[in-house]
Each structure stands twice: as C-alpha cells, then as structure tokens.
Amino acid sequence: MTWGTIATWRMAHDGVVKASDLLTAGGQAGDAVEALINVVEAYPYYKSVGYGGLPNEEGVVEMDAAFMDGDTLAQGAVGGIHNVMHAVSVARALSHQHYNSFRVGDGATKFAQLNGFEMTNMLTDRAKARWQKRLAELATENMTPYDGHDTVGAITLDTTGSMAAATSTSGLFMKKAGRVGDSPLSGSGYYVDSEIGGAAATGLGEDIMKGCISYEIVRRMGEGETPQEACDHAVYPFVAKLKKRYGKAGEFSLVAMNNRGEWGVATNVEFTFSVGNDQAAPRILIAHPGVDGHSTLIEPITQDWLDAYEKRIKAPIE
Ligand code: GLY
C-alpha cells in the first residue's frame, strides 16, 4: 500500500521516522504529520522550532504553526503563540472549528490554556544565551540582526490516500514582536489536497509569501506535473522574478509530495530534508540549486556532514 512523508531539514528526520512507523502500521495522515512535528518541537537543540526556539528581539519566544487536512481542506493556524509546547497541536485543534480557526498572540495562547495543551516556558537557557550574545554583537558590530529561520514543514500520505500538511516555527531570530511569517499562512507556508498532493516551505517568510509558492506547487501537480517538475517550475522562475522586480530574494526551500508518494524539492540554498515512502525507508538527503538555474541537485547526505551538524547544534554558546 502506498504511503509517504517528506519534511524540511535534517532536524525533521526523527519525526519522519516516527511518522513512517505510524503510516506503515496503517496510521492516519493527520496523526502522523502532527506526531512528526511534535518530535521536532520537543527537541531543545533545534533553535528555530518549539522548545529551545530562538526568541524575538524582546526575548519572547513567539511561535507560528499550521495544520491542514487534505481530505476536507480544513485548516487551523496560530501566529505569535507563547508558552505552548506543541503549537502544531493547537493549530490542529483549531482546524476542527469552522470559525476562529486562525488565532494569534494572546488569543491563541488563551485557547491553548483553556483547552488543556501543555504550557511551558519555551525560552531555554541556551536560547536565552544566544539572544543575549546577539544583542551584544548588534551593539558593537554593524550587522543584520536576522539569522536562522529553519521551519519544519511536512506532508504525509496514508495508506487510505488521505494527506495532511503541517508547519511549526519560532520564526526569524530577532524578529520584531508580532511579526508572523509564512508558516501559518495557507498557500504560502503549506497546502495540501488529497486529490493532488501537498507542499510546505521553509525560509524567509516575507519572500515566500510574495509567491504563495506552496499553493503554486500543488496547483502545478494538479495540472499533471510531477512533484519535482512542480517544485522546479514554481521556485526557480519565482526567485528570478523576485530578483528582477523586488531587487533581491531571501533563502527558501520547498518540499512536495503527490498522492502517489512521489516527491520533489527545490531550493535556492543548500537544503537538507528527510523523506520516506513504501518504496524507500526514511533517509536524509541534501539539495542544491542546479547551476542551470532551473533544476535541483539532490544527493545522499554524508556522515561527515551529519557529524559536523551534530557538533554545531550542540556547541557551547560562547
Ligand atoms: N519560514 C518561517 C518564517 O519566515 O517565519
């Protein structure tokens, strides 16, 4: 039976393994995508998602997340939610409501509290130390405050043909209070339709939003393109368009899967992702934009890369 899952960044791999186990056992796409994202949200060394995520410039961890059911097209999302361990689970609960399904700030946090979601201070000592270090750097050096926006975005396909999509992020490091990125925005950070497929984004939300790229990839798959064609055709011309008309393009990467478990990615930066389906066990791959400017190079990850990554994410903050 066909099933599949794909998610952004190496950090998603343990979650992809968990989702794959659930899907192999006949689990439902929505449960699998939520479980996948929950694994990433709970891991303290991932600095741009959930617990341990980096704060805004005021030192507050504000998280954005979304959930979409590809069968019903139901969506739930939160923006700037605080003190909630699993923002994506709050988004999923909101997706069950016809009204008030996208909530932000205190309203989102209050919904989580009232509905019994796990509440905790999401600012770890490590994230606070990084924030303090960045404040000190900004005071002495002429540098941009923004760094790191490695959203986890994921798509799942279950053995009944149902699909789901979800995202979770603490957004841009040192963002302004109340800044919301693409991750909770339908069509920008994510989209899924079980009759076609799904896509999810990571990268600079302000630029991803300019192209509604997740929806564009799903639309292209609906017209018969493979996930890889849809990613390449949606992402690279858009990067060129942004550079021409806006003058620059931030870094971003997209993953996609169709309802046959076939997948694709496109990126304008080095980009790792994890993917598994009934044909191939979950594995981490690395993508780069092709030199021709309209294709994607995808290779297996090396052990050296993985070792360096592990060292980097756990390095002391000095
Ligand atoms: N893609 C995440 C963000 O821009 O917040």
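For clarity, every value in this text was computed on a predicted model and none was experimentally measured.

Rules used throughout
Residues numbered from 1 in each chain as written. Predicted model: local features only at pLDDT ≥ 70, side-chain atom pairs only at ≥ 80, totals over all residues. Heavy atoms only, no water. Salt bridge = Lys/Arg side-chain N within 4 Å of Asp/Glu carboxyl O. Helix = DSSP H or I, 4+ residues; strand = E, 2+ residues; numbered from the N terminus. Buried < 20%, exposed > 50% of the residue type's maximum accessible area, 1.4 Å probe, protein only. Axes fitted to C-alpha atoms, helices over the stretch in contact; angles between N-to-C directions. Parallel < 35°, antiparallel > 145°, perpendicular 65-115°, else oblique. Left-handed = near helix turned anticlockwise from the far one by under 90°. Contact = heavy atoms within 4.5 Å. Nonpolar A, V, L, I, M, F, W, Y, C, P; charged D, E, K, R; others polar. Pairing = 2+ DSSP bridges. Near = heavy atom within 4 Å. Polar contact = N/O pair within 3.5 Å; in protein donor to acceptor, adjacent residues only side chain to side chain. Areas by Shrake-Rupley, 256 points an atom, 1.4 Å probe, with all protein chains shown as cover.

Visitor: Got a minute to help me understand the pattern of salt bridges in this structure?
Guide: With the rule as written, the count across this model stands at 13 salt bridges. The salt bridge involving Lys-176 is made with Glu-57; its shortest N-O contact spans 3.2 Å. Of this pair, Lys-176 sits in the loop between strand S6 (163-169) and strand S7 (190-193) while Glu-57 sits in the loop between helix H2 (29-42) and strand S2 (63-69), and the two are 119 residues apart along the sequence. Relative accessible area serves as the criterion here: at 31%, Glu-57 is assigned to the partly exposed category. Residue Arg-260 is joined to Glu-262 by a salt bridge in which the shortest nitrogen-to-oxygen separation is 3.2 Å. Given a relative accessible area of 54%, Arg-260 falls into the exposed group. One network of salt bridges, in which partners are shared, links Glu-216, Arg-219, Arg-220, Glu-223 and Glu-225.

Visitor: Can you walk me through unusual backbone geometry in this structure?
Guide: Of note in this structure, Trp-9 is not a glycine but carries a positive phi near 75 degrees. On the secondary structure map, Trp-9 appears in the loop between strand S1 (4-8) and helix H1 (13-24). Backbone geometry places Leu-73, a non-glycine residue, at a positive phi of 70 degrees. Within the fold, Leu-73 resides in the loop between S2 and strand S3 (75-81). Among the residues examined, Leu-73 registers a relative accessible area of 40% and is labelled partly exposed.

Visitor: Which parts of the structure should I look at to understand the packing of helix H7 (residues 213-222) against helix H8 (residues 227-245)?
Guide: Helices that pack against each other are described as a pair by the angle of their axes relative to one another and the distance between those axes. Where H7 contacts H8, the axes come no closer than 8 Å and their chain directions differ by 140 degrees. Between H7 and H8, the angle is such that the two are oblique. Taken as a pair, H7 and H8 cross one another with a handedness that is right-handed. Residue-level contacts link Ile-213, Glu-216, Ile-217, Arg-220 and Met-221 of H7 to Pro-227, Ala-230, Cys-231, His-233, Ala-234, Val-235 and Phe-238 of H8. When the residues that make up the contact of H7 with H8 are grouped by side-chain class, the tally is nine nonpolar, one polar and two charged.

Visitor: Can you help me understand the environment of Gly-205 in this one?
Guide: Along the polypeptide, Gly-205 turns up in helix H6 (residues 205-208). Measuring from C-alpha to C-alpha, the distance between Gly-205 and Glu-62 comes to 15 Å, with 143 residues separating the pair along the chain. Setting aside residues up to four positions removed in sequence, Gly-205 forms contacts with Arg-179 and Asp-182.

Visitor: Which parts of the structure should I look at to understand the sheet that holds S2?
Guide: Hydrogen bonds between backbone atoms are what pair the strands of a sheet, whose relative direction is either parallel or antiparallel. Pairing is mixed across the open sheet formed by nine strands, whose spatial order is S4-S3-S2-S6-S5-S1-S11-S12-S13. Each edge of the open sheet is held by one strand with a lone partner, namely strand S4 (102-104) and strand S13 (296-300). Each adjacent strand pair in this sheet contributes to an overall mean axis angle of 15 degrees, direction not counted. Where S1 lies against strand S5 (residues 152-157), four bridges are found, and the strand directions are antiparallel.

Visitor: It is not clear to me how the site of the ligand should be interpreted in this structure. Could you clarify?
Guide: Neighbouring the ligand are the residues Thr-151, Gly-171, Arg-179, Gly-181, Asp-182, Ser-183, Gly-203, Leu-204 and Gly-205. For the ligand, an oxygen atom lies 2.6 Å from a polar atom in the side chain of Arg-179. Here Gly-205 contributes a backbone N or O atom positioned 2.8 Å from an oxygen atom of the ligand. Coverage of the ligand by the protein amounts to 100% of the 200 Å² it exposes when considered alone.

Visitor: What am I meant to see in the pairing of S13 here?
Guide: Two faces, one strand: in a regular strand the side chains alternate between the faces of the sheet. Relative to S13, strand S12 (residues 280-289) runs antiparallel, the two being bridged by five bridges. Residue Leu-285 lies in a different strand from S13, and its bridge partner there is Pro-300. Hairpin connection between S12 and S13: a loop of six residues separates the two successive antiparallel strands, and Gly-293 in this loop has a positive phi of roughly 80 degrees.

Visitor: How should the sheet that holds strand S9 (residues 252-258) be read in this particular structure?
Guide: Spatial strand order, S7-S8-S9-S10: four strands in an open sheet with antiparallel pairing. Of all the strands in the sheet, just S7 and strand S10 (263-267) have a single pairing partner and so form its edges. The average angle at which neighbouring strand axes cross in this sheet is 10 degrees, direction not considered. Strand direction decides the pairing type here: S9 and S10, joined by five bridges, are antiparallel. Paired with Val-255 across the two strands is Val-265, which belongs to S10. Against the sheet, H7 touches S7, strand S8 (197-203) and S9, its axis set at about 150 degrees to S8. Those strands touched by H8 are S9 and S10, and its axis lies near 15 degrees from that of S10.

Visitor: Explain the side chain of Asn-56 here, please?
Guide: Relative to the helices and strands, Asn-56 is located in the loop between H2 and S2. In contact with Asn-56, other than residues within four places in its own chain, are Glu-62, Trp-131, Met-174, Lys-175 and Ala-177.

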